Amino acid sequence: MAAEGGGKEMNEIKTQFTTREGVYKLLTHSEYSRPNRVPFNSQGSNPVKVSFVNVNDQSGNGDRICFNVGRELYFYIYKGVRKAADLSKPIDKRIYKGTQPTCHDFNPLTATAESVSLLVGFSAGQVQLIDPIKKETSKLFNEERLIDKSRVTCVRWVPGSESLFLVAHSSGSMYLYNVENTCGTTAPHYQLLKQGENYAVHTCKSKSARNPLLRWTVGEGALNEFAFSPDGKFLACASQDGFLRVFGFDAAELHGTMKSYFGGLLCVCWSPDGRYIVAGGEDDLVTVWSFLDCRVIARGHGHKSWVSVVAFDHCTTSVEDGDPPAEFSGSDEDFHEQIHFGAGRDRANSSHSRLSKRNSTDSRPVSVTYRFGSVGQDTQLCLWDLTEDILFPHLPLSRTRTHTNVMSATNNVSNSSTSGNPPNSLPSTLPRSNSLPHSSNPGNSIIDSAFIATSVSKFATLSLHDSRKERHEKDHKRNHSMGHISSKSSDKLNQLSSSRTAKADAAKTLGTTLCPRMEEVPLLEPLVCKKIAHERLTVLIFLEDCLVTACQEGFVCTWARPGKVVSDRPLEDTVM
């Protein structure tokens, strides 16, 4: 088992880590990869991505997994923490020539034990609809590359729809498709529907129904990832120009924006209740943005290179409201009539996915803990806790500072405050991240000091950027673990991030609500930060009994949650 200590052991691959819930363990025999288990030479290849779907079969083993490695695409029964992976029997395997899979997405609404609908995006710009259970290829979209010739960066089914899907390209455009429509034999002609700051939405001019239904042009440079809000009404877009843009999807209206500290944004995700968005990218930070307040509320610093994936842990996240939430208003019917979607989509209205219309200063949840994770090109997994200390900084702290690390952080802030900090700097009573569970009533908070003394090292406290600046500059490694990225693509990214235009834009936005200075918002530190792979990490997915990671070598790893290791597994499956 890899050690947890420091020194030269810091570079060892970790096979377990501890949080307040307990110990997460890597299940070595639940690893999915190419059948030969040989590390993939990822020179010039696209990132490994993973998609899951549950087919709701009667056997209780309904999870299915899809992942791409180079030119190959695999589809397996996913056994998770229950049984060891059997790589000799993929349900489907495909090898592509002249192009590579870049991303994929299952439609959960249509999935059955006999059939699944899987969208696959490719490096040459095409999108394929396949059924890996029936081993059928239904349709190929943008086959002649008349719609867009650039790489597909993200593909998603529109929530609640069996036929609509959205595709993003490295050109910076997104396209809305209907699986029932064809793409036509000529390049589409567009008509402006809506325009705003650095974005435009066009409809496709055609006498008959054809794809795409809509074209979105967003920002400058590649559109690296997008994510629908839990209720499907809003769309968050992370772009290479460093901007997060959040749109009302049906009305195609810009709700809010945020700018990275520097460089492009590579990934984005929503909290389970839709109140917060986390983005990561080339500034090595994770940035937490409030959907309701349209502002940055915290940044997280733990990675030493680009952050490739961020994801919320819906099982550990806990939000208890004192008052029942009210939903935001619905969609724009006139907009539906203009673009003729051709197929309606039912909105999921489950309580866990509703956007709550709540003013954070007026109505305060009883208890709040959001858990999210991130992985990066530094091969590290970080876990973060976003607590009410950060979300409601105007309220008094809910527990006494009893540990020297906490006192030290507080003293550092107090000293900087008395020495004449600018008005917008952090206050002397900083909100602290990753705190232990505590009561919302400070007077009733009871914490065992002995427990804190032995456990607080596993939880992080809030610190100022300045206190870490020297170490940050020393340890920071730009493009760490990027040896397998082609020099051509690496040069292109460097040109984008270092262009004069980007610098000018950064100078304009730094210190504004779009991009607060580092000292103007709380700085989170990860409660877990572990090196878990030899190559850059490209996947982080939280499931009910485990979390799943993948690296560019093509290995998909399962980490059992505390207490979720099945006792009757073969012995070698559980030995770390």
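Small disclaimer: the values here were computed from a predicted structure and weren't measured. (Residues numbered from 1 in each chain as written. Predicted model: local features only at pLDDT ≥ 70, side-chain atom pairs only at ≥ 80, totals over all residues. Heavy atoms only, no water.)

**As for the UniProt feature "repeat: WD" (unreviewed entry) in the chain**
The condition that has to hold: UniProt positions are given in the numbering used here, feature names are shortened, and annotations may be inferred rather than shown by experiment. Labels follow the DSSP assignment, with helices taken as runs of H or I lasting at least four residues and strands as runs of E lasting at least two, numbered in each case from the N terminus.
In this numbering, the UniProt entry assigns the feature "repeat: WD" (unreviewed entry) to residues 258-290. Across residues 258-290 one finds 0% helix and 61% strand; the C-alpha atoms that close the span lie 10 Å apart.

**Brief notes about the sheet that holds strand S9 (residues 127-131)**
Keep this limit in mind: The pairing criterion is simple: DSSP has to find at least two bridges between the two strands. Here an axis means a line fitted to C-alpha atoms, over the contact stretch when the element is a helix, while the angle between two N-to-C directions is reported on a 0 to 180 degree scale.
Ordered in space as S7-S8-S9-S10, the four strands form an open sheet in which the pairing is antiparallel. A strand with exactly one partner marks an edge of an open sheet, and here the two such strands are strand S7 (101-106) and strand S10 (136-141). Between one strand and the next, the sheet's axes are offset by a mean angle of 20°, whatever the strand orientation. Pairing between S7 and strand S8 (residues 118-122): five bridges, direction antiparallel.

**Here's the deal with the packing of aromatic side chains**
Which entries qualify depends on this criterion: Two aromatic rings from Phe, Tyr or Trp, using only the six-membered ring of Trp, form a pair when their centres are within 6.5 Å; if the ring planes differ by under 30 degrees the pair is stacked, by over 60 it is edge-to-face, and anything between is tilted.
As enumerated under the stated definition, the model contains 26 aromatic pairs in all. Their ring planes at 70° and their centres at 4.9 Å tell us that phenylalanine 52 and tyrosine 78 sit as a pair that is edge-to-face. A residue pair is termed long-range when its members are at least 10 positions apart, and phenylalanine 52 in strand S3 (residues 50-54) and tyrosine 78 in the loop between strand S5 (72-77) and strand S6 (92-95) qualify at 26 residues. Look at phenylalanine 165 and tyrosine 177: their rings are 5.0 Å apart centre to centre, the planes differ by 0°, and that puts the pair in the stacked class.

**Here's the deal with the pattern of salt bridges**
Let me state the cut-off plainly: Salt bridges are counted wherever a side-chain nitrogen of Lys or Arg sits within 4 Å of a carboxyl oxygen of Asp or Glu. The classification of residues rests on relative accessible area computed with a 1.4 Å probe and restricted to protein chains. Under 20% of the type maximum is buried, over 50% is exposed, and intermediate values are partly exposed.
For the structure shown, the criterion picks out 13 salt bridges. Among the salt bridges present, the one from glutamate 253 reaches lysine 194, with a minimum N-O distance of 3.6 Å. Within this pair, whereas glutamate 253 is found in strand S20 (residues 253-259), its partner lysine 194 is found in strand S14 (residues 189-196), the two being separated by 59 residues in sequence. In this structure lysine 194 comes out as partly exposed when scored by relative accessible area, which is 23%. With a closest N to O distance of 3.5 Å, arginine 275 and aspartate 273 form a salt bridge. Residue class for arginine 275 comes out buried when judged on its relative accessible area of 3%. Counted as one network, the salt bridges with shared partners bring together Arg20, Glu21, Arg371 and Asp385.

**Structural notes on the pairing of strand S33 (residues 556-560)**
Burial runs high along S33: five of the five residues are buried. Note: strand S2 (residues 22-26) against S33, two bridges, orientation antiparallel. Of the residues in S33, the one forming a bridge with lysine 25 is alanine 560. Here strand S32 (residues 546-551) runs beside S33; their pairing, made up of five bridges, is antiparallel. Opposite cysteine 546, over in S33, you have alanine 560 as the bridge partner. Between the antiparallel neighbours S32 and S33 lie four residues, among them glycine 554 with a positive phi of about 95°.

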